[in-house]
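# Per-entry structural report
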Amino acid sequence: MTVVETSGLTKRYGNGVLAVDSVEMSVRRGEVYGFLGPNGAGKTTTLRMLVGLIRPTSGTATVAGHTPGDPAGLAKIGSLVEAPGFYPYLSGRENLKVVADFASINHRRVDEVLDIVELTSRAGRKFGTYSTGMKQRLGVAAALLKDPELLILDEPTSGLDPQGMAEMRKLIKDIGQGNRTVLLSSHLLPEVEQICDRVGVIRGGKLVTQSTVQELLGKEGVLVTAQPVDRAFELLTTMFGVAAVSRQNGSIRLQTDPAGSLEINSRLMAAGIGVSELRPIERSLEEAFFQLTGEKQGS
Amino acid sequence: MIATIKAEWRKNRFRPAFLVSSGIIAAITALIYGVNWYLALHPTAGDRQAVSLLTLYPDQVVNNVMGAGFPLGAAMAIVLGALIAGSEYSWGTMKTTLTQGPGRLTTWFGRVVVFAARMGILTGILFIVGAASSVVVASFEGHAIAWPAVIDIAKGIGAIWLVLAVNGAIGLALGTLIRHSAAALGVGLIYVLAVEIIAVRFIDSINSGAYKWIGNLFVGQNATALLQSFTSPAFGRSLAPSIGAEQAVLVLAAYFVGLVIVAAALIRQRDVT
């Protein structure tokens, strides 16, 4: 069952910029969905449309069973879109009480969520004095106030130090347990790889792929280390074609389904070629991301 | 709507801008009484503007506090309105609020209700400090303490509240339009303290005042006329305002409703980025 479903979701701003282009996105109940893309790819605009802050130019979306922005739908959604927005002259606790009042939630829940994000001891301090990490935590606490079915978090580790990022990742993992659905936007790939069940990759406003993390990582191929390497290369080229075979640091890289590894091993052995290593290539999410988005690694 | 009003009240009850403006309006009212008391006791020879001590006694409190209502109170109301509406965008709290559940219009009207209530509190402070100051003057001067009729006090409170609310609505609408508190309050103050005055003078001068009726539709003209309608013989002779009090109330009320509706339409239609 899907919690978020979009169809042809498009946003063109008044200045003509096409920020989101016909996005077809589907987030299933109970999963942690990573929404990946480089800066300016359209992630935040998409999330803003899902919570009703921005109206789409065309296309439709259903979020928690309702159209975006519908009060009945918003009652089931907790969100932190971009930087957390709170009143600097109020304490963290008072800010959460204001949010709770807007959402018609009992104030008892305020202390519960402060405890979840481990901010209880600092809850009496003014928001304006909070560090970036504390602000992010308060933002997550506000998103959790409704005990939402769907949690939408936009770059939740943005601006955090490594310690803060690790803590936030753990927090999101814990939150994503059980039936709760988490839609997490990020451009930090290790974060998504560690936390998410499925990912959608957006580039230039278009959703270029949507799959499980494993599917995305497992499409690469097989690495073969064999002797004599030239004969092995010749045989594998005959089997898979020139385009699928390349040399890599004394080994041979094959673009093929790793499920065919047994067949490859048998054919090499039958040809009198010694195979010392034959393993699936596990490309990192980073590699997959750069291939999909056309971005250059290290740029 | 109740939940939204509750939330708006919670976030604004200790807002520094309101606390500071309450202090300023109290101090200015006390200062007006203090300065006028001094001037009444130390009239300069031949000064035709000498203040009569009679205007500072409790029975004249309604007429006397009107001076603090416009333009000072109005300017303060514009600043408050611009801060309340504009800071929601600069602090990013608008998106936090709108993603909680109440609709955009419910959120806006809840904000307006609480803002109007705060203008009522400012009005109350103005009257309380004015009344207290008048009692101090009367006590020192050995004058009997007598208060105006309740209906006159109610009319005075209503008039000042309306002037503050309309000017506050200008600030709220500008803050919503510009989505930035500093810019909105700058534009609002320049409009009320300069642009409107120049525009009215220019319109009044065209064709020997043939278009004066247009000038009489401006907020400042009506606010001034409404507050000037509260006078008594103790204040000496004064020119009759060119706009009647009833007309001023209607024009100001129309401005308030119109500005609130225009801002509501902006909030309903525009993307929150």
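Refer to the preceding data block for the structure.
Residues numbered from 1 in each chain as written. Chains lettered and ligands numbered in written order. Predicted model: local features only at pLDDT ≥ 70, side-chain atom pairs only at ≥ 80, totals over all residues. Heavy atoms only, no water.

### Focus on empty space enclosed by the protein
In this approach the atoms are scanned with a rolling probe the size of a water molecule, which exposes any empty space left behind. In total, this model carries 3 cavities of 30 Å³ or more according to the counting rule given. Of the pockets and cavities examined, the largest cavity occupies roughly 110 Å³. Along the wall of the largest cavity there are 14 residues; nearest its centre are S79(A), L80(A), V81(A), T96(B) and T99(B). When the residues that make up the lining of the largest cavity are grouped by side-chain class, the tally is 7 nonpolar, 6 polar and 1 charged. Estimates place the volume of the second largest cavity at around 60 Å³. (1 Å grid on protein atoms, 1.4 Å probe; cavity = no way out; pocket = protein on both sides within 12 Å on 5 of 7 lines; lining within 4 Å. Points joined across faces, edges and corners; volume = space filled by probe spheres on them. Nonpolar A, V, L, I, M, F, W, Y, C, P; charged D, E, K, R; others polar.)

### Remarks on the environment of K206(A)
Residues and elements named next belong to chain A. Of note, K206 is situated in strand β10 (residues 206-212). Residue classification places K206 among the partly exposed residues on the basis of a relative accessible area of 42%. The spatial distance from the C-alpha of K206 to the C-alpha of V20 is 6.3 Å, given a sequence separation of 186 residues. In contact with K206, not counting residues within four places along its chain, are D21 and V201. A polar contact is formed between the side chain of K206 and the side chain of D21, at a distance of 3.1 Å. (Helix = DSSP H or I, 4+ residues; strand = E, 2+ residues; numbered from the N terminus. Buried < 20%, exposed > 50% of the residue type's maximum accessible area, 1.4 Å probe, protein only. Contact = heavy atoms within 4.5 Å. Polar contact = N/O pair within 3.5 Å; in protein donor to acceptor, adjacent residues only side chain to side chain.)

### Quick word on the interface of chain B and chain A
With 33 residues of chain B in contact, the opposing surface of chain A contributes 31 residues. When chain B packs against chain A, the two sides together hide about 2700 Å² of surface, and 57% of this comes from carbon and sulfur. Where chain B meets chain A, there are 5 salt bridges. Two residues, E94(A) and R10(B), come together in a salt bridge whose shortest N-O distance is 3.2 Å. In this structure, the connection of chain B to chain A is made through 18 residue pairs in polar contact (both at pLDDT 80 or more). It is helix α1 (residues 2-12) of chain B that provides the largest number of residues to the side of chain B that touches chain A, a total of 8 residues. When its residues are assigned to classes, the side of chain B that touches chain A shows 8 nonpolar, 13 polar and 12 charged. (Buried area = accessible area lost by both parts, 1.4 Å probe. Salt bridge = Lys/Arg side-chain N within 4 Å of Asp/Glu carboxyl O.)

### Digging into the pattern of salt bridges
Applying the stated rule across the entire model yields 23 salt bridges over all chains. Between E112(A) and R109(A) there is a salt bridge, with its nearest N and O atoms 3.0 Å apart. Taken as a pair, E112(A) and R109(A) lie in helix α4 (residues 108-116) at a separation of 3 residues, close to a single helical turn. Judged by relative accessible area, which is 41%, E112(A) ranks as partly exposed. Between R111(B) and E8(B) there is a salt bridge; the shortest N-O distance is 3.2 Å. Of this pair, R111(B) sits in helix α5 (residues 104-141) while E8(B) sits in helix α1, and the two are 103 residues apart along the sequence. With respect to class, R111(B) is no different from E8(B); both count as buried.

### Considering unusual backbone geometry
Among all residues save glycine, negative phi is the norm, and among peptide bonds the norm is trans. Residues and elements named next belong to chain A. Residue Q227 is joined to P228 through a cis peptide bond whose omega torsion reads -5°. Structurally, the position occupied by P228 is in the loop between β11 (221-227) and α9 (229-240). Although it is not a glycine, A64 adopts a positive phi angle of roughly 50°. As for its position among the elements, A64 is in the loop between β5 (58-63) and α2 (71-74). Positive phi is not limited to glycine here, since N249 has a value of about 50°.

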